[in-house]
Amino acid sequence: MSFRNDFLWGGATAANQLEGAWTADGRGPSIADVITGGTAQRSRTLTYVGPDGKPGHLEFFGDLHEPPQGSTFAPIEGEWYPNHDGIDFYHTYRKDIALMAEMGFKALRLSVSWSRIFPTGMEEEPCEAGLAFYDGVFDCLREHGIEPVVTISHYETPLALVNEWNGWTDRRTIDCFVRYATTLFERYRGKVRYWMTFNEINVMNTNAWLGAGLASSDPKVTMRAAHHMLVASSRAVKVGHEIDPQNQIGCMLTFSQGMVYPYSCRPEDVHKAWELANRCYFFSDVQARGYYPSYQLKRYEREGIDIGMTEQDERDLREGCVDYIGFSYYRSTTVSTDPTTPLVDPDSPMKEILGVKNPYLTVSDWGWTIDPVGLRNALDNLYDRYQKPLFIVENGLGAVDMLKEGHTVDDDYRIDFLRSHIEAMKDAVEIDGVDLMGYLWWGPIDLISASTGEMKKRYGFIYVDRNDDNTGSLKRFRKKSFGWYKKVIASNGEDLA
Ligand code: BG6
């Protein structure tokens, strides 16, 4: 037997990508609510209303820039915001969870929408309707024997914090976050045991809007905000442990940006890969070890970045180390010092993030490199570095699915992806001795894509009849992978035929 008996098989989601009901029961808008729809080639945008009352759009990828002074981020007339409606999970969660239970899920990762609990983020008292909604969700999961795994903030800082204080650049946001996290730990004590503070915190390197609601790519701004998030995370971990010592609280990295290969064995390429990987490791180094690594401090010194570290911050970071390392893994990244090396997908708005083409690997419909062995490499590297339990809290394949007669999808490509990644994970556990807590498939039910805003980029075992032109019945159908994953879970990862 490779995997622990209590291995957490299941799936992962995020509130802003599936709940919809964006104004229900007093919910305030979040940073996800001002991102328009996009496609594989056309970038999503951020919308705002300028000081003259005129609407405007900003870039979502690449170099982010602030809007004119006096602007307010807001949805604007005539634009399309796919996250507003999601897949209506707010109203359908009982049926959706029942389908996941049918697959035998042991765990479901979901996030709490911060602005359902504190509509502006700044209130002293939480919103009861929001808290009650998640009581319903967690109770429903427990009734089905499914363990909730909760991300406290998944790409959805309340928009008011951004408009009023420029969000995470302001230290007051730390207190707002700790108040919010404390509210969750107290309210859901005994119902939720597995937590993560921030989703993919290292996204601050590449898209500070998703990470923190910052329309900026200036490291002087983004790294200060990242510091505040790290302090907030450590304070939340401390409080979470005080409220319930049973709580297991992890960090969460996008390790697609941590599993970095040099394009060649040129020492300069190897060094570049090391440097880029450290941009990712920096966050877990702080969250797992409790202090800033020397390479990051030197970078700040060199680039004149002042993060405003206080003695109290240093204490908080030391005292709030995480219990496990959670990470997402979709792809590896290859880098080269030679600017003429072909990019993996030159037409993608994410082209710089996706890196250069690895000649040994294929790519998905969205240009994401498919690399199952990279998952084993990731597990080995992370375990070697921290010797803490690891948790794969996202892995998946976004693909174009064709619903066929009989209301199913023959998604053998998804099954192949799953099989190869589970085999790699098995090798890491069986051969390399990695301590792995669980495996959560991203998007067990089709939901809104974070990078493109599309429904067309489907991940689910459950098909949702919703299209990018806002048509569709929202009905749910089982794909072929539904039965396959069920079999894998029932055999604790042994039956991969
Ligand atoms: C992760 C995020 O980066 O990747 C999710 O945590 C996201 O929110 C997932 O949905 C897949 O990315 P995308 O862009 O295909 O939705």
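As a starting point, this report considers the structure included with it. (Residues numbered from 1 in each chain as written. Predicted model: local features only at pLDDT ≥ 70, side-chain atom pairs only at ≥ 80, totals over all residues. Heavy atoms only, no water.)

**Points about the sheet that holds strand β4 (residues 72-73)**
A sheet is described by the order of its strands in space; here three strands give the open sequence β3-β2-β4, paired in antiparallel fashion. The sheet terminates laterally at β3 (55-59) and β4, the two strands that pair on one side only. Across five bridges, the pairing between strand β2 (residues 45-49) and β3 is antiparallel. Along β3, the bridge assignment pairs Tyr48 with Gly56. (Pairing = 2+ DSSP bridges. Helix = DSSP H or I, 4+ residues; strand = E, 2+ residues; numbered from the N terminus.)

**Things to note about the site of the ligand**
Surveying the vicinity of the ligand reveals 14 residues, the closest of which are Gln17, Glu200, Ser451, Lys457 and Tyr459. One of the side-chain nitrogen or oxygen atoms of His154 is found 2.9 Å away from an oxygen atom of the ligand. Between Tyr330 and the ligand, the recorded distance is 3.3 Å, taken from a side-chain N or O atom to an oxygen atom. Protein burial of the ligand: of its 380 Å² of free accessible surface, 94% is covered by the chains. Taking a 2 Å distance to the grid points as the criterion, the majority of the atoms of the ligand fall inside the largest cavity. Along the lines of polarity and charge, the residues of the shell around the ligand split into six nonpolar, five polar and three charged. (Near = heavy atom within 4 Å. Polar contact = N/O pair within 3.5 Å; in protein donor to acceptor, adjacent residues only side chain to side chain. Areas by Shrake-Rupley, 256 points an atom, 1.4 Å probe, with all protein chains shown as cover. 1 Å grid on protein atoms, 1.4 Å probe; cavity = no way out; pocket = protein on both sides within 12 Å on 5 of 7 lines; lining within 4 Å. Sits in = over half its atoms within 2 Å of the grid points. Nonpolar A, V, L, I, M, F, W, Y, C, P; charged D, E, K, R; others polar.)

**Quick word on the layout of surface pockets**
One number sums up the size of the largest pocket: a volume of about 890 Å³. Looking at the largest pocket, it is lined by 38 residues, and the ones nearest its centre are Asn205, Thr206, Leu276, Glu352 and Ile353. It is helix α9 (residues 267-289) that contributes the most residues to the lining of the largest pocket, five residues altogether. Residues belonging to the lining of the largest pocket are distributed by class as follows: 15 nonpolar, 15 polar and eight charged. Quantified by volume, the second largest pocket comes out at close to 250 Å³. Taken together, Glu66, Pro67, Pro68, Gln69, Gly70, Ser71, Phe73, Val162, Asn163, Asn166, Gly213 and Ala215 make up the lining of the second largest pocket. Split into classes, the residues belonging to the lining of the second largest pocket amount to five nonpolar, six polar and one charged. (Points joined across faces, edges and corners; volume = space filled by probe spheres on them.)

**Some words on the packing of aromatic side chains**
Inspection of the entire model under this criterion finds 36 aromatic pairs. On the numbers, 6.4 Å between centres and 80° between planes, the contact of Trp9 with Tyr485 is edge-to-face. You can see Trp9 sitting in strand β1 (residues 8-12) and its partner Tyr485 sitting in helix α15 (residues 480-490), a full 476 residues away along the chain. Grouping residues by exposure puts Trp9 and Tyr485 together as buried. Considering the side-chain rings of Phe282 and Tyr300, the 6.4 Å spacing of their centres and the 80° angle between planes classify their relative orientation as edge-to-face. Note that Phe282 is positioned in helix α9 and Tyr300 in helix α10 (residues 294-303), a separation of 18 residues in sequence. Judged by its relative accessible area of 5%, Tyr300 falls in the buried class. Among the aromatic side chains, those forming a connected cluster through ring pairs are Phe3, Phe7, Trp9, Phe105, Phe417, Tyr439, Trp441, Phe461 and Tyr485. (Phe/Tyr/Trp six-rings, centres within 6.5 Å; stacked < 30°, edge-to-face > 60°. Buried < 20%, exposed > 50% of the residue type's maximum accessible area, 1.4 Å probe, protein only.)

**Observations regarding the side chain of Glu147**
Structurally, Glu147 can be placed in strand β6 (residues 147-153). A distance of 2.9 Å separates the side chain of Glu147 from the side chain of Arg142, its partner in a polar contact. With residues up to four places along the chain from it excluded, the contact list for Glu147 reads Leu8, Lys106, Ala107, Leu108, Arg142, Arg193 and Tyr194. (Contact = heavy atoms within 4.5 Å.)

**Thoughts on the pairing of β1**
Across the five residues that make up β1, a large majority, five, are buried. Inspection of the sheet shows β1 paired to strand β15 (residues 436-442) by five bridges, in the parallel sense. Bridge pairing in β15 places Leu8 opposite Gly438. Where β1 and strand β5 (residues 107-111) come together, three bridges link them in parallel fashion. What sits directly across from Gly11, in β5, is Leu108.

**What to know about unusual backbone geometry**
One non-glycine residue, Asn166, lies in the positive phi region at around 55°. Along the chain, the position of Asn166 falls in the loop between α5 (159-165) and α6 (172-187). With a relative accessible area of 28%, Asn166 lands in the partly exposed category. At Asn470, a residue that is not glycine, the phi angle is positive and equals roughly 70°. Of note, Asn470 is situated in the loop between β16 (462-464) and β17 (476-478).

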